[in-house]
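# Observations on the model geometry
Residue strings, one per chain:
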Amino acid sequence: SPAPKLVFNRVNGKRPQVLLQQVVAPEECYTLAHEENVRFVYEAWQQVEQQLDVSRSGESACGPVQYVEKTPNPGLKNFVPIDLEEWWAQQFLAKIENCS
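Each value, and the rule that gives it
- Residues numbered from 1 in each chain as written.
- Predicted model: local features only at pLDDT ≥ 70, side-chain atom pairs only at ≥ 80, totals over all residues.
- Heavy atoms only, no water.
- UniProt positions renumbered as here; feature names shortened; annotations may be inferred.
- Helix = DSSP H or I, 4+ residues; strand = E, 2+ residues; numbered from the N terminus.
- Areas by Shrake-Rupley, 256 points an atom, 1.4 Å probe, with all protein chains shown as cover.
- Expected span 1.5 Å × (residues − 1).
- Polar contact = N/O pair within 3.5 Å; in protein donor to acceptor, adjacent residues only side chain to side chain.
- Phe/Tyr/Trp six-rings, centres within 6.5 Å; stacked < 30°, edge-to-face > 60°.
- Buried < 20%, exposed > 50% of the residue type's maximum accessible area, 1.4 Å probe, protein only.

Under an unreviewed UniProt entry, the name given to the chain is MCRI2 protein, and the source organism is Heliornis fulica. Quoted verbatim from the Sequence similarities (unreviewed entry) field of UniProt, the annotation for the chain is "Belongs to the MCRIP family."

Right, dumping it as structure tokens:
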């Protein structure tokens with residue numbers, strides 16, 4: 001089974017206040033609409049993954065079809081996708097370490 005992933009929830013949905021020392025680098029601002037879009041895509045993808053698991057196990061004859069290239073690109077042979085949740089967790093922990 002995959003390793004548990006860190007999940008960070010904001011208190012009352014608000015961003016923490018930025019200390020004056022941290023204002024050196026511009027912060028990315030996320031609008032409520034952006035966060036809703038990200039949540040929508042994430043939840044939709046979770047549904048697709050669940051349906052793929054069900055169809056692979058043979059419990060269902062229909063469901064999503066996973067695309068597989070017939071002739072893979074040799075330039076992508078060593079491609080490793082990034083785990084965005086892990087990357088965000090590392091960024092968050094690095095900010096905490098820099099503040100203390």
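Read on, since the account is not over.
What follows concerns the overall build of the chain. On a plain count of helices and strands, the chain comes out with 2 helices and 0 strands. As displayed, the chain has an accessible area near 9,800 Å², and 59% of this comes from carbon and sulfur atoms.

All right, on to helix H2 (residues 84–99) then. Helix length check: H2 (16 residues) gives 23 Å between terminal C-alpha atoms against 22 Å at 1.5 Å per residue, within 8%. Its side-chain oxygen at 3.2 Å from the backbone nitrogen of Glu85, Asp83 defines the N-terminal cap of H2.

Remark: the centre distance and the inter-plane angle together describe each pair of aromatic rings, the angle taken between the planes. Across all of its chains, the model carries 2 aromatic pairs by this definition. Look at Tyr30 and Trp88: their rings are 6.5 Å apart centre to centre, the planes differ by 75°, and that puts the pair in the edge-to-face class. With Tyr30 in the segment before helix H1 (32–56) and Trp88 in helix H2, this residue pair connects regions lying 58 residues apart in the sequence. Measuring from ring centre to ring centre gives 4.9 Å for Trp87 and Trp88, while their planes differ by 80°; the resulting arrangement is edge-to-face.

The next subject is the environment of Asn73. You can see Asn73 is positioned in the loop between H1 and H2. What makes Asn73 partly exposed here is its relative accessible area of 41%.

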